[in-house]
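For reference, the chains in residue letters:
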Amino acid sequence: MSADPRERARRGSARIIRVALAVGAVMFLFGFACVPIYRIVCTHVLGIKLDEGPASAGKVDAFQVDASREVTVEFVGNVNSALPWQFAPEKVRISVHPGQMTLAWFDAQNVSDRAITGHAVPSVAPNTASLYFNKVECFCFTDQTLQAGESRRMPVRFVVDPRLPANIKTLTLSYTFYENELAERRAAQSAAPAG
Amino acid sequence: MATHAATHDHHDEKPEGFLDRWLFTTNHKDIGTLYLVFAFIMVCIGGAMSGVIRAELMKPGMQLVQPYFFNEMTTMHALVMIFGAIMPAFVGLANWMVPLMIGAPDMALPRMNNWSFWILPFAFALLLSTLFMAGGAPAGGWTMYPPLVLQGGNAIAFMIFAIHLMGISSIMGAINIIATILNMRAPGMDLLKMPLFVWTWLITAFLLIAVMPVLAGAVTMLLTDKYFGTSFFNAAGGGDPVMYQHIFWFFGHPEVYIMILPAFGIVSEIIPTFARKPLFGYRAMVYATACIAFLSFIVWAHHMFTVGMPLGGELFFMYATMLIAIPTGVKVFNWVTTMWRGSLTFETPMRWAIAFVILFTIGGFSGVMLAIVPADFQYQDTYFVVAHFHYVLVTGALFSIIAAIYYWWPKWTGRMYNEKWAKFHFWWSMVFVNVLFFPQHFLGLAGMPRRIPDYNVAFADFNFISSIGAFGMLLTPIMFFFILWHSKKYGAKADARSWEGAKGLEWTVPSPAPHHTFSTPPVIDDSALAHGDVTH
C-alpha cells in the first residue's frame, strides 16, 4: 500500500487513459447509433412516421369507412433544384372519408436530354397526422427512371386511418423528387459488363 | 521523463537547442507557451478573414471578392477561430496554470501533451491548404450541413481529416488535464479546495471527451456519403439531412460551453484578486458549472427550431435552454457579489474581467431571446444570431483569454507590462468591439440574413458602422503583440506575488516561474487560496 506516490500517480493515469478512451470510443459509436435512435424516437416517442414502405394489407383491411366524416387531403409536388424534371399532382385537393381507399395521380416529366433516376421523398403535414396516413401503393417506394423527354403518370393509393384525431380536418401530402445519382451510378456499373 | 527527473536538481535547466526545447518538449510550461503562440497566429489568420468579410459588407453590392470566396471566408473564419484560436488558447492556459495551481510538478502525461500540441499545426496546415486548391476551400458554413457541404469540391475531405486531427488533439489534451487534476494534486489540495479555473477545466475536459468523438462520427458519415456511396444524410437514398443537424448540434452545444467554461474559471480567479475578497459562493460556482455542463447535453435542438420539430420537442428544448440562465445567473451574481464592497482596483486584467462580465451577460440575454421559439423563427439565421455568438465568444471567451494573459504574464515572464498602453489596448477594444457587434443586433432584428456577401440597401448604415468597428478591432492583435514584446524586453521586474491581492499556489513560486516547479509538493495553506478558507 505504501507505494511511491509517483508510481501511484502513473497507475492512476493509466486507468484514466483507459476509461477516457473507452468513453471516447463509445461516443464515436454513439454518433452512428444516432441513425437508428433518430428513427426510433421519431416513430415511437414523437409519433412521426418516417415512410419506409407500404402499409400492411391486414392493417388497412380492418379499417371501417367512416362516411359521417370528411377530411380534405391536399397534394404538393416539389422538385429539387438539381433535378430537371417537372412534377405536379393532377388534383390539388380532394375530399375523402376516413377508411376509404383512394387513388391519386401525379404527373412527372423529364425535360432534360438524358435518362435520370429520381426518388420521391414523402412528407405528411401536420406531422402528428403522419401516423394515421397509410400509403398502400406509391411511386415513392421505388426509384423512378425517366428517359429523356419521357413523361409518366404516377399513382399513390392511400387510406386515412378512421382513428385520425377529430381536430385534424386537412392533411397535406407533399413529395419532393431528388435525383438519385447513386442508383444511376449503380445502374451504369451493372449495365457496363453486359454491354 | 527519466532524463528530466535526473535534471530536476539543477535549478531551472532548460533543454539546449531549438528542437530539444520546443519540438521534443515535455514541459507543461513550454507546451502551454506553444499552444498560446499557435492560438495567437490563428487569431491573426482568422481575424484577417473576418477583415475580408467586413470589408465586403461595408457597402451593399459586390465590391471586393467573389461570393464563393466570401463563403469560404465565413466558413474558414469560424473553423480557425473555434478550433485554432479559442480552444488551443484555453488548453495552453490549462497547461501553464493547472499544474502551478494544484502544486503538481508537471502534467500527468507529458509526452502525450507534446503530441496533442504538435498534431495541431498539421491539422491546420491541412485545413488552410484548401484555400490554395482548385475548387477552393470549404464554403458551406462551419456547421457543414449536408447536402450543401457535399456539393463542394474535394476540399471537404481535407476539412474532415483536419477535424479528425483536431478532435484527437483535443481528446488527448482533455485526458491529460483530467489525469493531472485527479492524480497530481499536492497533498491537502482537496477537490473542493481547487481554484475555480481548475474546476472549470476539469468539467470542460469531460465535455471534450464526451462530444468530440460525436463530431468525428458525424463528419465521418459526411465523408462516406460523399465518397463511399452511403446515404446517411442523402434524401434521395433514404437518408435524412435533418438528422445531421441533430448529431452535429449534440456536439455543437456542449462545444460552445467548452469555449466558455474555462473563461468562467479565469474570471473567477481575477475578480477576487482585484476585489481583495474571497470569491463569493465558491461551491455554488462549482455546482453551477457542473449544472451548465449537464444541461448542455439536452438543449441542442434550439439551434434548429425551424426544421419542423413537433411542438412538444420545441417546448422541451425552449424550457431546457431557458433553464441554463439560472446557473449562469448564479455565476454572474457571484462575480458581482465578490466585487461588492471589495477594495477594488482596476488594473488591466480586472478591466478585461469586468468587461467580460458585462458583455458576456449581454450575449447571455440575447441567448435567452433566441431560446424563445416563436421569436427564434424570426431570428434564425439572421445577424441577430451573429451578434449573439460574437458577444459570447469575442467579448466572452476571447476577452477572458486576454484577461488571463495580462493576469499571468508577470508570472510567465517575470516582467510587468506597460499599464498605460495596456489600458489603451483595453479601451480601444472595448469601444470598437461594441461598434462592431452591437449594430448587428439591429441588422438581425431588421431581417438581414447571415452568410451573405450582398444585402438590401436598407441595411447599409449599420453595416458601415459595424465594418468600422471591425477595422478598429483588427488593430488590437498588433497592439497586444507590441505591448507583450515591449514588456518581455523592457518591462519592470515582477514580484513572485505580482498582484497585491493575488492568492493561490501559482503566486508562491518565483516570477518568472522556473522551468521546473513543485518538484517537492508544496504545503497547502487554506487561507492562501483564492476563494478563502473553505474548510467550514
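Quick caveat, the model's predicted, so the values are computed rather than measured.

K.L.:
Can you help me understand the confidence of the model for chain A in this one?
P.N.:
As a general rule, the predicted coordinates of low-pLDDT regions are not to be interpreted in detail. Scored by pLDDT, chain A has a mean of 87; 94% of the residues are at 70 or more. When mean pLDDT is taken per element in chain A, strand β1 (residues 71-79) of chain A scores highest with 94 and helix α3 (residues 181-194) of chain A scores lowest with 78.

K.L.:
How do you make sense of the packing of helix α11 (residues 311-323) of chain B against helix α12 (residues 325-339) of chain B when you look at a structure like this?
P.N.:
When two helices pack together, you describe them by how their axes are tilted relative to each other and by the distance separating the axes. Residues and elements named next belong to chain B. In the contact formed by α11 and α12, the axes pass within 5 Å of each other and the chain directions differ by 10°. Viewed along their axes, α11 and α12 adopt a mutual orientation that is roughly parallel. Along its contact with α11, which presents T321, M322 and L323, the element α12 presents A325, I326 and P327. Taken together, the residues of the contact of α11 with α12 sort by class into five nonpolar, one polar and no charged.

K.L.:
What exactly am I supposed to notice about the packing of aromatic side chains here?
P.N.:
Ring pairs (aromatic) are described by centroid distance and by the angle formed between their planes. In total, this model carries 60 aromatic pairs over all chains according to the counting rule given. Geometrically, the ring pair formed by F248(B) and F251(B) is edge-to-face, given 5.6 Å between the ring centres and 75° between the ring planes. Within this pair, F248(B) and its partner F251(B) are both found in helix α8 (residues 241-258), separated by three residues, close to a single helical turn. F251(B) sits in the buried class, given a relative accessible area of 0%. Across from the ring centre of W105(A), 4.2 Å away, lies the NZ or CZ of R153(A), which sits over that ring.

K.L.:
I'm lost on the environment of H44(A) in this one. Help?
P.N.:
All names here are of chain A. Assignment of secondary structure puts H44 in helix α1 (residues 5-45). Taking relative accessible area as the criterion, H44 reaches 65% and is therefore assigned exposed. H44 sits 141 residues away from R185 along the chain, and the two C-alpha atoms are 35 Å apart.

K.L.:
What should I look at first to understand the side chain of R69(A) in this one?
P.N.:
Residues and elements named next belong to chain A. Among the secondary structure elements, R69 is positioned in the loop between α2 (57-61) and β1. Of note is the side chain of R69, whose polar atom sits 3.0 Å from the backbone oxygen of P165. With sequence-adjacent residues up to four places away left out, R69 is seen in contact with V96, H97, P98, P162, L164, P165, A166 and I168.

K.L.:
Quick question: what am I supposed to make of the side chain of N134(A) here?
P.N.:
All names here are of chain A. By the element assignment, N134 lies in strand β6 (residues 133-138). In this structure N134 comes out as buried when scored by relative accessible area, which is 0%. A polar contact of 3.0 Å, which involves the side chain of N134, links it to the side chain of K59. Among residues more than four places away in sequence, those in contact with N134 are K49, A55, K59, V60, F63, R157, F158, V159 and D161.

K.L.:
Mind showing me how you'd approach the state of the cysteines here?
P.N.:
Two cysteines joined by a covalent bond between their sulfur atoms form a disulfide. Residue and element names in this part refer to chain A. Going through the model one piece at a time under the given rule, you end up with one disulfide over all chains. Each disulfide pairs two cysteine sulfurs, and for C138 the partner residue is C140, the sulfurs being separated by 2.3 Å. Between C138 and C140, the S-S torsion sits near 130°, and that sign places the bridge as right-handed. Of the two residues, C138 and C140, neither departs from the other in class, the shared state being buried. Distance from the sulfur of C34, which forms no disulfide, to the nearest cysteine sulfur (C42) is 12 Å. Using a relative accessible area of 8% as the deciding quantity, one classes C42 as buried.

K.L.:
Help me out: how do you make sense of the UniProt feature "domain: Cytochrome oxidase subunit I profile" (unreviewed entry) in chain B in this one?
P.N.:
Under the feature "domain: Cytochrome oxidase subunit I profile" (unreviewed entry), the UniProt entry names residues 22-525 of chain B. Within the segment residues 22-525 of chain B, helix and strand shares are 68% and 0% respectively, and the terminal C-alpha atoms sit 34 Å apart.

K.L.:
Would you mind showing me how to read the pairing of strand β2 (residues 85-89) of chain A here?
P.N.:
In regular strands, side chains alternate between the two faces of the sheet. All names here are of chain A. A one-sided burial pattern is seen for β2, the buried positions being W85, F87 and P89 and the unburied ones Q86 and A88. In this sheet, strand β4 (residues 102-110) lies alongside β2 in antiparallel orientation, the contact comprising five bridges. By the bridge assignment, W85 is partnered in β4 with N110.

Parameters at a glance
- Residues numbered from 1 in each chain as written.
- Chains lettered and ligands numbered in written order.
- Predicted model: local features only at pLDDT ≥ 70, side-chain atom pairs only at ≥ 80, totals over all residues.
- Heavy atoms only, no water.
- pLDDT = per-residue confidence, 0-100.
- Helix = DSSP H or I, 4+ residues; strand = E, 2+ residues; numbered from the N terminus.
- Axes fitted to C-alpha atoms, helices over the stretch in contact; angles between N-to-C directions.
- Parallel < 35°, antiparallel > 145°, perpendicular 65-115°, else oblique.
- Contact = heavy atoms within 4.5 Å.
- Nonpolar A, V, L, I, M, F, W, Y, C, P; charged D, E, K, R; others polar.
- Phe/Tyr/Trp six-rings, centres within 6.5 Å; stacked < 30°, edge-to-face > 60°.
- Buried < 20%, exposed > 50% of the residue type's maximum accessible area, 1.4 Å probe, protein only.
- Lys NZ or Arg CZ within 6 Å of the ring centre and 35° of its normal.
- Polar contact = N/O pair within 3.5 Å; in protein donor to acceptor, adjacent residues only side chain to side chain.
- Disulfide = S-S within 2.5 Å.
- UniProt positions renumbered as here; feature names shortened; annotations may be inferred.
- Pairing = 2+ DSSP bridges.

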